[in-house]
Amino acid sequence: MSSERPAFSREFWEAVERGELLVQKCLSCGGLQMYPRRSCVACSASEITYVPVSGQGKIYTFSTVLKYAPSDFAEDVPYTLAVVTLDEGPRMLTRIVDSDPDGLRCDMPVKFAPSEIHGQVLPTFTAA
Ligand SMILES: [Zn+2]
């Protein structure tokens, strides 16, 4: 699995390793966005900073992978991928960890809980 990460996302990944979740804030229009990008998706400005968020959110949608995972993730089955709506607004694709997949529901509160998967600390969530 590649661990190549663009330089503009370094601050985000360093925060994840410290247990903090950051989103990008556009200095031109004030919009928040997730995942890290080079420019604002709303106004295209390239002046962007990172701001901390609460790590609280709700499941927008999710799917538990039971079979036929990509080969890099075959040993992780079953695992749950979810889109989480952060309390601050942006949505992010993530994995739900340490939670019974049968107990997950849309709109269910979740909290940021980074975990190490295949040697990398990833911005995962767990049931709140
Ligand atoms: Zn903007």
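Look up a bit, the structure's there.
All of the points below concern the structure found in this document. (Residues numbered from 1 in each chain as written. Predicted model: local features only at pLDDT ≥ 70, side-chain atom pairs only at ≥ 80, totals over all residues. Heavy atoms only, no water.)

Note on placement: Pro109 falls in strand β7 (residues 109-112). Considered as a pair, Pro109 and Phe125 are 16 residues apart in the sequence and their alpha carbons are 9.9 Å apart. Those residues in contact with Pro109 that lie beyond four places of it in its chain are Gly57, Lys58, Ala127 and Ala128. (Helix = DSSP H or I, 4+ residues; strand = E, 2+ residues; numbered from the N terminus. Contact = heavy atoms within 4.5 Å.)

As for its position among the elements, Thr124 is in the loop between β9 (120-122) and β10 (125-127). A polar contact is formed between the side chain of Thr124 and the backbone oxygen of Ala113, at a distance of 2.5 Å. (Polar contact = N/O pair within 3.5 Å; in protein donor to acceptor, adjacent residues only side chain to side chain.)

Moving on, we come to the sheet that holds strand β2 (residues 32-33). Pairing within the open sheet is antiparallel, and its three strands lie in the order β2-β1-β3. Both outer strands of the open sheet, β2 and β3 (48-52), are each paired with one neighbouring strand and no more. (Pairing = 2+ DSSP bridges.)

Two strands pair when backbone bridges link them, and strand β5 (residues 79-86) and strand β6 (residues 91-96) are joined in this way by six bridges, in the antiparallel orientation. By the bridge assignment, Val83 is partnered in β6 with Leu93. Counted along the chain from β5 to the antiparallel partner β6, the turn is four residues long, and its residue Gly89 has a positive phi close to 120 degrees.

The protein atoms donating to the zinc ion are Cys26 (SG), Cys29 (SG), Cys40 (SG) and Cys43 (SG), with metal-donor distances spanning 2.3 to 2.4 Å. Every donor counted, the four donor atoms about the zinc ion form angles of 104 to 117 degrees at the centre, which fits tetrahedral coordination. Counting gaps between the donor residues of the zinc ion yields the pattern C-x2-C-x10-C-x2-C. With Cys26 in strand β1 (residues 22-26) and Cys40 in the loop between β2 and β3, this pair connects stretches of sequence that are 14 residues apart. Of the residues examined, Cys26 reaches a relative accessible area of 4% and is grouped as buried. When its relative accessible area of 5% is taken as the criterion, Cys40 is described as buried. (Donors = N, O, S within 2.8 Å, 3.2 Å for Na, K, Ca; no water. Tetrahedral: all angles 85-135°; square planar, octahedral: opposite > 155°, others 65-115°. Buried < 20%, exposed > 50% of the residue type's maximum accessible area, 1.4 Å probe, protein only.)

Where charged atoms from two side chains of opposite charge come close, those side chains can pair. Here the structure, examined in full by the defined rule, presents two salt bridges. Its salt-bridge partner being Glu20, residue Arg18 comes within 3.2 Å of it at the nearest N-O pair. Taking the relative accessible area as the measure of exposure, Arg18 reaches 52% and is therefore exposed. Arg95 is the partner of Asp76 in a salt bridge, and the nearest nitrogen-oxygen pair spans 3.1 Å. You can see Asp76 sitting in the loop between β4 (56-65) and β5 and its partner Arg95 sitting in strand β6, a full 19 residues away along the chain. For the pair Asp76 and Arg95, one class covers both residues: buried. (Salt bridge = Lys/Arg side-chain N within 4 Å of Asp/Glu carboxyl O.)

Geometric values such as these leave the question of function open.
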